[in-house]
Amino acid sequence: GAAQAGATAAASTSMGPGPEGGAPLMLRCPISGAHPFSDPVVLPDGYTYERSAAQAYLASAARVSPVTGQPFPAAGRGGVGVVENTVLRMLCAEWRELAGVGPAAGTGSAEQAGARHS
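Each value, and the rule that gives it
Residues numbered from 1 in each chain as written. Predicted model: local features only at pLDDT ≥ 70, side-chain atom pairs only at ≥ 80, totals over all residues. Heavy atoms only, no water. Helix = DSSP H or I, 4+ residues; strand = E, 2+ residues; numbered from the N terminus. Buried < 20%, exposed > 50% of the residue type's maximum accessible area, 1.4 Å probe, protein only. Areas by Shrake-Rupley, 256 points an atom, 1.4 Å probe, with all protein chains shown as cover. Pairing = 2+ DSSP bridges. Contact = heavy atoms within 4.5 Å. Axes fitted to C-alpha atoms, helices over the stretch in contact; angles between N-to-C directions. Arc of directions from axis to C-beta.

A. Spatial organisation of the overall build of the protein. Assigned secondary structure in the protein consists of 4 helices and 3 strands. For the protein, the sequential pattern of α-helices and β-strands runs α-β-β-α-β-α-α. Sorting the 118 residues of the protein into buried and exposed places 33% on the buried side. Here the protein displays about 6500 Å² of accessible surface, and carbon together with sulfur accounts for 58% of that area.

B. Main features of unusual backbone geometry. Not every positive phi belongs to a glycine, and Ala-61 is a case in point at roughly 70 degrees. Turning to its location among the elements, Ala-61 is positioned in the loop between helix H2 (51–59) and strand S3 (83–84). For Ala-61, a relative accessible area of 56% gives the class exposed.

C. Geometry of the sheet that holds strand S2 (residues 48–50). The strand order across the open sheet built from 3 strands is S2-S1-S3, with neighbouring strands paired in antiparallel fashion. Of all strands in the sheet, those with a lone pairing partner are S2 and S3, marking the two edges. Summarising the sheet, strand S1 (residues 40–42) and S3 pair through 2 bridges and their orientation is antiparallel. Considered in S3, the bridge of Val-42 is made with Val-83. Along the sheet, H2 makes contact with S1, S2 and S3, crossing S2 at roughly 95 degrees.

D. Layout of H2. By the burial criterion, the buried members of H2 are Arg-51, Ala-53, Ala-54, Tyr-57 and Leu-58. End-on, the buried residues of H2 take up no more than an arc of 165 degrees, which puts them together on one face. Residues Ser-52 and Ala-59 are exposed on H2 and point more than 90 degrees away from its buried face. On its buried face, H2 sits against S1, S2 and S3. Two residues or fewer past H2, Ala-61 is found with a positive phi of approximately 70 degrees.

Written out as structure tokens, the structure reads:
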């Protein structure tokens, strides 16, 4: 419910190591728990989600924020929009490199190199 979503939102602001020393909670999707993000997108609530989890959530006809429980702003003909979170994708690539974790699916070394030098 909304209380659990609020707790998730509060926990997701932590930049410290996540459970079992994994990625910081801020680099994890509040819907799927996937970490770190590989294809982060922002929904109209201002929170970032893994694209696949956000698309599945929106396909379920949900029209409230999975984090806050508040309704999304009225959507146009295309439905609720998503916006790529490029900066967070680059930060996650940097975290993977520093943590010695392989690249996320769909990312390559060129993208990671760009993330280091941008």
